[in-house]
Amino acid sequence: MKYDINFRHLEYFIKVARLGSINKAAQALYISQPYLGKIMHDLEENLGARLFNRSRSGVTLTPEGMEFLTHSEKIIDEMEQLWFQKKKEQIKISDPLAVSMTRFSHIMESFSEIVLRHRDQPSFSHRLYEGNSDEVIEDVVSGRVDVGVFHFDSRKRREMEALLESKGLEYHFLANIEPHIIISRKHPLLLQQKPVNLHTLAEYGFLCLDFCSFCYLFLSVSWCFQCSYISSRATLMYMISISDCYSIGIHDFAKQEASYQSTSIPIPNCGFMLEFGYAMRKDTPMTAIVQEFIYDLKKKLL
């Protein structure tokens, strides 16, 4: 039997399986829901097996789907290892990784992993800066860094593209992600097995990462009565781990539970997505190490 399946379709399948929704996966992948639904249908046709149980609330994996997910993740992982090895061979000793980022651990983890992956080079000079979106953009404009990674309200995509165009920068989309509540795994609501949402959290303290634009969107609603402003990402996560306070972010990063004993819970019917993207100066070639960083980051975000 001839299978007409490519690696991108496997990545799409994995995303749908993880989110449990073709609609949410389509938004995160920045493609249309009908297009993604057709790919999933064609995938099942090619395999001769039903991968999903479909309902109004979303999709769940069938036993065949769970088996296929295991194989898909293994295939993608092996291809990424080959890709990383090829990029590692292409990277010159003089290639630096200079990144400016808004305060998200997912971005920091990608930077750290790339640096560690190439730590056997005789010499290197890598740089990572953190700031708000405006500071990240200015770091790219000034030439302080090669790439700037930031997030914003997805409804303001056109405004952001116009701003970057006026500054001589090119914008590249990474992912759309639904906002999540971030709380300690020992939070009273979880221990009492009660619903966790913005209303049930009204009596608990809200931790706002200073200068984080999307946090301020949540401050404008009436349920927020207690708020602490924190400028350090690490301090905010530490405060969540030792208290019943909560914050707003995205899905878990790799070391979130182990380092901060916290979890991320999707916000139902939020009404908007957080868009992640990166900017570079126009006509500036992307070095191999920057390509590797972006590839690794996109994998973490998706």
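A few words now on the sheet that holds strand E3 (residues 98-101). Sheet architecture is open: five strands sit in the order E4-E3-E5-E12-E6, paired in mixed fashion. Looking at which strands have only one partner, the edges of the open sheet turn out to be strand E4 (127-130) and strand E6 (169-177). Here the strands of the sheet are splayed against their neighbours by 20° on average, with no regard to which way each runs. Inspection of the sheet shows E3 paired to E4 by four bridges, in the parallel sense. Along E4, the bridge assignment pairs Met 101 with Glu 130. Sheet strands in contact with helix H6 (residues 133-142) are E3, E4, strand E5 (147-153), E6 and strand E12 (274-281), and its direction is about 150° off that of E5. Strands E5, E6 and E12 of the sheet are contacted by helix H7 (residues 157-166), whose axis makes an angle of about 155° with E6.

Okay, the pattern of salt bridges next. Under the defined criterion, the tally for this structure stands at 17 salt bridges. Among the ionic pairs, Glu 73 bridges to Arg 18, the shortest N-O distance being 3.3 Å. In this pair, Glu 73 sits in helix H4 (residues 63-90) while Arg 18 sits in helix H1 (residues 7-19), placing the two residues 55 residues apart along the sequence. Classification of Arg 18 as exposed rests on a relative accessible area of 53%. With its nearest N and O atoms 2.7 Å apart, the salt bridge here joins Lys 38 to Asp 42. Note that Lys 38 and Asp 42 are positioned in helix H3 (residues 33-47) at a spacing of four residues, about one turn of the helix.

Right, let's get into the environment of Lys 282. The topology assignment puts Lys 282 in the loop between E12 and helix H12 (288-301). Sequence separation between Lys 282 and Leu 169 is 113 residues; the distance between their C-alpha atoms is 5.3 Å. Dropping the residues within four chain positions of it, Lys 282 is found in contact with Glu 165, Gly 168, Leu 169 and Glu 170.

Rules behind the numbers
Residues numbered from 1 in each chain as written. Predicted model: local features only at pLDDT ≥ 70, side-chain atom pairs only at ≥ 80, totals over all residues. Heavy atoms only, no water. Pairing = 2+ DSSP bridges. Helix = DSSP H or I, 4+ residues; strand = E, 2+ residues; numbered from the N terminus. Axes fitted to C-alpha atoms, helices over the stretch in contact; angles between N-to-C directions. Contact = heavy atoms within 4.5 Å. Salt bridge = Lys/Arg side-chain N within 4 Å of Asp/Glu carboxyl O. Buried < 20%, exposed > 50% of the residue type's maximum accessible area, 1.4 Å probe, protein only.

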